[in-house]
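Chains, contacts and geometry: an overview
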Amino acid sequence: MNVHDSEKIAGIFSEVGHEKSVDTGDADVIVLNTCSIREKAEHKFYSDLGRLKKAKTDNPNLKIAVAGCIAQQEGEKLFKRFPYIDFVFGPNNIDSLQKLINGELLSTLKHQQSTFIDVNPDYPSMIFPMKRAGGVKAWVSIMYGCDNFCAYCVVPYTRGRERSRPSADIYREAEKLAADGFKEINLLGQNVNSYGRKLDEEIDFPELLSKLHEIDGIERIRFVTSHPKDFSEKLIKAMKDLPKVCNHMHLPIQAGSDKVLSLMNRKYTYNEYKEKIDLLKSNVPDIAITTDIIVGFPGETDEDFRLTMKALSEIEYDGAFAFKYSRRPGTKALELPDHVDEDIKSERLASVQKLQETISYKKNKELEGKTLEILVEGSSDTNEEKLTGRTTTNKIVNYHGERLDIGNMVNIRILEAKQYSLYGEKI
Ligand code: 5AD
Ligand code: SF4
């Protein structure tokens, strides 16, 4: 989400002729697009910001802007703690950057501190210029914010209430991407399964997929993230019937214990989740499933944690992102009793990662000798002949070939499975 927001920020600058500078010393403006999903991301921001104090002393004309979720969370308080910041704008106020540039604030010598963190109801129907990374696959926002209020999560507070973009805007953006030569679109939302809920038009997420499926030139469609409680049979049917929709589902389970799931306010039980997974697997053969796991949520006992490990063994995900529970300001989980010790969290995280590595490797190993179609995305920076692409199941495949392949679908025989990628030869 943040990576794509940065593409919008860069797009606004490049539209008025600004270029990305090679290092911070050359920059007239530095934008820190922040994430506050976990404490670690916040720490990174504060240490980067600390280092910029000197840049401002060296170049008093330098403007420093703080964007993203920390900007939203902290607002004006940031100016008090770090007086050398010039602008603060939240994730629903990226348009304020346009106002700042048009108002020539960026070019004045005066240090004007401005904050843009209001609700901004028009944001979902705004169209942004974008400076996208690469030319093969593109992020497309389909909705903003979240209404789920999972007890650990800061997103509903920083990104605000869930709002969908009008489907015609999304369609036009995808058509333009196809015209510009992009082959894959990756639809972005905190909970794509509830797309359309508050729109004036009658449309839901599977219908949006069918609509986008019509666009010539777009060969692959992916989406993140799905919430298990809203993951429907209708979506499974769309995945089965629409060949451009990739065989990959990221469905965060978070925990395997019903008690912990309830404390997390996730609104499903393990059995309900597992039934949906089984239905998906039986309808879409070869589907790859990935997930997110939180270990050490308040109240998680050894027995609860064992159920998370059991879920990983039963479901056999292709991949899992695992995190230690991190306290987030303003969230319900802060008030829960029985917070788990940091060293127990670390032990549990290591156990999850070890188990998942074994499963992921085993799954990759099963692909050795098979021929898989990949969309070639680019070459490695260090070796131009080493090309990289992804299968429909989102597995990274490397092979040696020609740069002309970039943007094409090619068939690769898998020679060797690694932990996080596959290596093969073009046939
Ligand atoms: N602590 C740890 N992990 C978190 N996530 C979200 N909030 C927290 C938190 N407070 C994880 C969830 C989510 C992913 C994007 O980040 O697993 O799915
Ligand atoms: Fe956070 Fe839950 Fe919303 Fe995902 S669904 S963004 S975890 S509140």
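Residues numbered from 1 in each chain as written. Chains lettered and ligands numbered in written order. Predicted model: local features only at pLDDT ≥ 70, side-chain atom pairs only at ≥ 80, totals over all residues. Heavy atoms only, no water.

1. Details of the site of ligand 1
- All residues adjacent to ligand 1 are Ile37, Arg38, Tyr152, Gln254, Asp292, Ile294, Phe323, Lys324, Tyr325, Ser326 and Arg328.
- Gln254 places a polar side-chain atom, nitrogen or oxygen, 2.7 Å from an oxygen atom of ligand 1.
- Ser326 places a main-chain nitrogen or oxygen 2.8 Å from a nitrogen atom of ligand 1.
- In the complex, the protein chains occlude 86% of the 410 Å² of accessible area that ligand 1 would expose alone.
- Secondary structure elements with two or more residues in the shell around ligand 1: strand E11 (288–295) and strand E12 (319–324).
- Class assignment of the residues belonging to the shell around ligand 1 gives a composition of five nonpolar, two polar and four charged. (Near = heavy atom within 4 Å. Polar contact = N/O pair within 3.5 Å; in protein donor to acceptor, adjacent residues only side chain to side chain. Areas by Shrake-Rupley, 256 points an atom, 1.4 Å probe, with all protein chains shown as cover. Helix = DSSP H or I, 4+ residues; strand = E, 2+ residues; numbered from the N terminus. Nonpolar A, V, L, I, M, F, W, Y, C, P; charged D, E, K, R; others polar.)

2. Digging into the pattern of salt bridges
- Applying the stated criterion across every chain, the model contains 37 salt bridges.
- Of the charged contacts in the structure, one is a salt bridge between Asp180 and Lys176, with a shortest N-O distance of 2.9 Å.
- The partner of Glu314 in a salt bridge is Lys310, and the shortest N-O contact between them spans 3.3 Å. With Glu314 and Lys310 both in helix H12 (residues 302–315) and four residues apart, the pair spans about one turn of that helix.
- The exposure class of Lys310 is partly exposed, given its relative accessible area of 37%.
- Within this structure, Asp5, Lys8 and Arg159 form a network of salt bridges that share partners. (Salt bridge = Lys/Arg side-chain N within 4 Å of Asp/Glu carboxyl O. Buried < 20%, exposed > 50% of the residue type's maximum accessible area, 1.4 Å probe, protein only.)

3. Considering the site of ligand 2
- Near ligand 2 you find Cys146, Asn148, Phe149, Cys150, Tyr152, Cys153, Val155, Pro156, Gln190, His227 and Arg266, and these make up its full shell.
- Taken together, the residues of the shell around ligand 2 sort by class into seven nonpolar, three polar and one charged.

4. Focus: the nonpolar core
- In terms of nonpolar packing, the biggest core is built from 66 residues, with Leu187, Phe205, Leu209, Leu212 and Phe223 touching the most fellow members.
- Counting residues per element, this core draws most heavily on helix H7 (residues 167–179), at five residues.
- When residues of this core are sorted by domain, at least three fall in each of domain 2 (132–246) and domain 3 (282–366).
- In contact with Phe205, other than residues within four places in its own chain, are Ile142, Leu187, Val192, Asn193, Tyr195, Phe223 and Leu235.
- If you look at the next biggest cluster of nonpolar residues, it comprises 19 residues, including Leu52, Ala55, Val66 and Leu78. (Core = buried A, V, L, I, M, F, W, Y, C linked by side-chain atoms within 4.5 Å. Domains from an automatic or database assignment. Contact = heavy atoms within 4.5 Å.)

5. Thoughts on the side chain of Gln72
- Counting through the fold element by element, Gln72 comes out in helix H3 (residues 68–74).
- Residue Gln72 is classed as buried on the basis of its relative accessible area, which comes to 17%.
- With residues up to four places along the chain from it excluded, the contact list for Gln72 reads Gly90, Pro91, Asn93, Ile117, Tyr157 and Thr158.

6. Some details on the domain arrangement of the chain
- Its domain assignment divides the chain into domain 1 (2–116), domain 2 (132–246), domain 3 (282–366) and domain 4 (371–426).
- Computed from C-alpha coordinates alone, the two centres of domain 1 and domain 3 are separated by 34 Å.
- Contacts between domain 1 and domain 3 engage six residues on the former and five residues on the latter.
- Note on domain 1 versus domain 3: buried area summed over both sides is about 450 Å², and carbon and sulfur give 48% of it.
- It is Arg38, Glu39 and Gln73 in domain 1 that bury the most area against domain 3; as a group they hold 76% of the surface buried on that side.
- As a salt-bridge pair, Arg328 and Glu42 come within 2.7 Å of each other at their nearest N and O atoms.
- Inspection of the domain 1/domain 3 interface yields three residue pairs in polar contact (both at pLDDT 80 or more). (Buried area = accessible area lost by both parts, 1.4 Å probe.)

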